[in-house]
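A closer look at the structure
Listed below are the residues making up each chain.
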Amino acid sequence: MEQTSTHSPVIEFRDVAYVLPNGQPLLSGLNLQVTGGETVVLLGRSGSGKTTSLKLINRLLTPTSGEVRVNGAPNAESDVIRLRRSIGYVIQDAGLFPHYTVERNIGLVPRIEGWTAERIHLRVAELLQLVGLEPQLASRYPHQLSGGQRQRVGVARALAADPAILLMDEPFGALDALTRDQLQREFLSLQQRLGKTVVFVTHDLREALRLGSRIALLEAGRLVTVLSPEQFLRSNDPLAAAYVQAFGDGLDSVANRGAT
Amino acid sequence: MNFFHFLVQNHEQVLELTLEHLWLVGISTVLAVLVGIPLGIMSAHWPVWNKPVLGTANIVQTIPSLALFGFLLPVPWLGDRADRLAILALTLYALLPVIRNTYTGIRGVDPAVVEAGRGMGLTPRQLLFQVELPLALSVILSGIRVAVVVSVGLATIAAAIGAGGLGEFIFRGLAMVNNQLILAGAVPAAVLALSADFGLGWLEKRLRPR
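Read on for an overview of the structure. Owing to the predicted nature of the structure, the values given are computational and were not obtained by experimental measurement. (Residues numbered from 1 in each chain as written. Chains lettered and ligands numbered in written order. Predicted model: local features only at pLDDT ≥ 70, side-chain atom pairs only at ≥ 80, totals over all residues.)

**Focus on the overall build of chain B**
- Across its full length, chain B carries ten helices and zero strands.
- Starting at the N terminus and walking to the C terminus, you meet the elements of chain B as α-α-α-α-α-α-α-α-α-α.
- Dimensions of chain B, computed from C-alpha atoms along their principal axes, come out at roughly 70 × 40 × 20 Å.
- Of all 210 residues assigned to chain B, the portion counted as buried reaches 40%.
- Restricting to contacts in chain B with at least 6 residues of sequence separation, those with at least 24 account for 73%. (Helix = DSSP H or I, 4+ residues; strand = E, 2+ residues; numbered from the N terminus. Buried ≥ 20, exposed ≤ 12 C-beta atoms within 10 Å, placed from the backbone. Contact = placed C-beta atoms within 7 Å.)

What follows is the structure in structure tokens.
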């Protein structure tokens, strides 16, 4: 059982295209498999289709053609609300509800799923600790937090109902360099403990090399190549090489060599 | 006899007309809120509705109030009682600010927050009641505040068709060229408008999301 669940793809794009109603294609011919427990980074510049791909997974967008399979079944066939509640979603600037306290933000999905107040309270305390936040922050409002704290709350909120899949859309993009570095490090250790299947969107090669088990390089709505961080650094692909050159020296030292 | 003297002497009638006035404004505001908020939500969620709904409300707003009272007079059930008619007319005028502010308030909610909510698996209903409406509340309330203040002034005209309210004093005063009588209607109406403005403004500030 364990064997099959880690080796059959958890998320699979099958010849997926997404075209805007005005006819502009955002994504075409996407084939990609994400296996259990790995972190696949979608790397590309803005407009390359990486966020579009992410939103196709939890059906914030519906493909124009092709299908996206989640846990072996086409996600178009599952109940959209159930599907989304089983997938954690983290976005840039966290998207926290400004009128809810940290505790209510984190406990939202458990609450609408009908958990008891006691269980939610315990879960929130557990999650705050997991993402490295003081328990007394539970009663604060998002505007009273720093950017880094807000992003941690965003991660805790996505993990609340213990989803097996986590979608992260440039979660650390708006943070200062030091906070970003710290959160990336914590993401890695968290990932080591939790073993979620993660799809992570970024335009930052350094971040991609550091966090990804594999990097899917997108350009103008097409998947160019999928490489491990080490392969990426040595790739002959002109676009990958251009990225490596643009980000300069010292990339070797950040590359994720963790066994997947 | 000065103005205050007049108020004291006629306090029973002043009170009665003030209550009548409040009733006209109160009922019409409640109706405008019950109709206007759903219409505002509709136009915010389905852009097709936006133009017809706001356009109609806008046109209603441009009809001179005295003319609107006149137009509605021959309508069967409505014309039977002046207060029904006045309430409908006041409701129609109060609709625009309520609809417009509901629309603006909901459209003004940070799209990232709505997207996060959808992505987390909130149903459209949960999204509306737990995220969009609470975050739009202070904007909606400021629309209601405008509606109430305008209604308090407009309701004085309702006396022209015999619907009562503080306008009675004003029209009587106009007919008798009696300034005190006019003031006896105008001053309480102004006090009503100002206190509504202040009270709802205070509530609005308290409910504003941080």
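**Some words on the interface of chain A and chain B**
- Across the contact, 17 residues belong to chain A and 16 residues belong to chain B.
- Those elements that provide at least two residues to the side of chain A that touches chain B are helix 3 (80-85), strand 6 (87-91) and helix 5 (108-112) of chain A.
- In the side of chain A that touches chain B, the residues fall into ten nonpolar, four polar and three charged. (Nonpolar A, V, L, I, M, F, W, Y, C, P; charged D, E, K, R; others polar.)

**Considerations on unusual backbone geometry**
- One non-glycine residue with positive phi stands out, namely R59(A), at about 60 degrees.
- Here R59(A) lies in the loop between helix 2 (50-57) and strand 4 (65-70).

**Focus on the sheet that holds strand 4 of chain A**
- Reading across from one edge, 2-1-4-5 (chain A) is the order of the four strands in this open sheet, with antiparallel pairing throughout. A single partner strand is all that each edge strand has here, and the edge strands are strand 2 (25-35) and strand 5 (73-74) of chain A. (Pairing = 2+ DSSP bridges.)

**A closer look at helix 7 (residues 111-119) of chain B**
- Along helix 7 of chain B, the positions that sit buried rather than exposed are V113(B), A116(B), G117(B), R118(B) and G119(B).
- Next to the buried residues of helix 7 of chain B lie helix 3 and strand 6 of chain A together with helix 8 (124-154) of chain B.
- Just past helix 7 of chain B, the residue G121(B) takes up positive phi, approximately 95 degrees.

**Observations concerning helix 7 (residues 147-159) of chain A**
Residues and elements named next belong to chain A.
- The first and last C-alpha atoms of helix 7 sit 19 Å apart over 13 residues, in line with the 18 Å expected at 1.5 Å per residue.
- Buried residues dominate helix 7, accounting for eleven of its 13 residues.
- Listing the buried residues of helix 7 in full gives Q149, R150, Q151, R152, V153, G154, V155, A156, R157, A158 and L159.
- Where the residues of helix 7 are buried, they touch strand 6, helix 4 (102-106), helix 5, helix 6 (117-130), strand 7 (165-169) and helix 8 (177-194). (Expected span 1.5 Å × (residues − 1).)

**Some words on the environment of T51(A)**
Residue and element names in this part refer to chain A.
- Relative to the helices and strands, T51 resides in helix 2.
- When the C-alpha positions of T51 and A76 are compared, they lie 18 Å apart, and in sequence the two are 25 residues distant.
- Residues in contact with T51, not counting those within four places in the same chain, are D169 and V201.

**Topic: the sheet that holds strand 10 (residues 222-227) of chain A**
All names here are of chain A.
- Spatial ordering of the open sheet is given by 6-7-8-3-9-10, a layout of six strands whose pairing is mixed. If you trace the sheet from one side to the other, it starts and ends with strand 6 and strand 10, each paired once. Strand-to-strand, the axes of this sheet are offset by a mean angle of 15 degrees, without reference to chain direction.
- With five bridges joining them, strand 7 and strand 8 (residues 197-202) adopt parallel strand pairing. By the bridge assignment for strand 8, L166 is matched with V198.
- Lying over the sheet, helix 2 contacts strand 3 (39-43), strand 6, strand 7, strand 8 and strand 9 (214-219), oriented at roughly 150 degrees with respect to strand 8.
- Most of the contacts of helix 7 go to strand 6, to which it runs at about 165 degrees, and overall it touches strand 6 and strand 7. (Axes fitted to C-alpha atoms, helices over the stretch in contact; angles between N-to-C directions.)

**Observations regarding the pairing of strand 8 of chain A**
All names here are of chain A.
- Counting buried residues in strand 8 gives six out of six residues, a clear majority hidden from the surface.
- A two-sided burial pattern is seen for strand 8, the buried positions comprising T197, V199 and V201 on one face and V198, F200 and T202 on the other.
- Across five bridges, the pairing between strand 3 and strand 8 is parallel. Paired with L43 across the two strands is T202, which belongs to strand 8.
- With respect to chirality, the unit in which strand 7 leads through helix 8 into the neighbouring parallel strand 8 is right-handed. (Right-handed = clockwise from strand over helix to strand, strands pointing away.)

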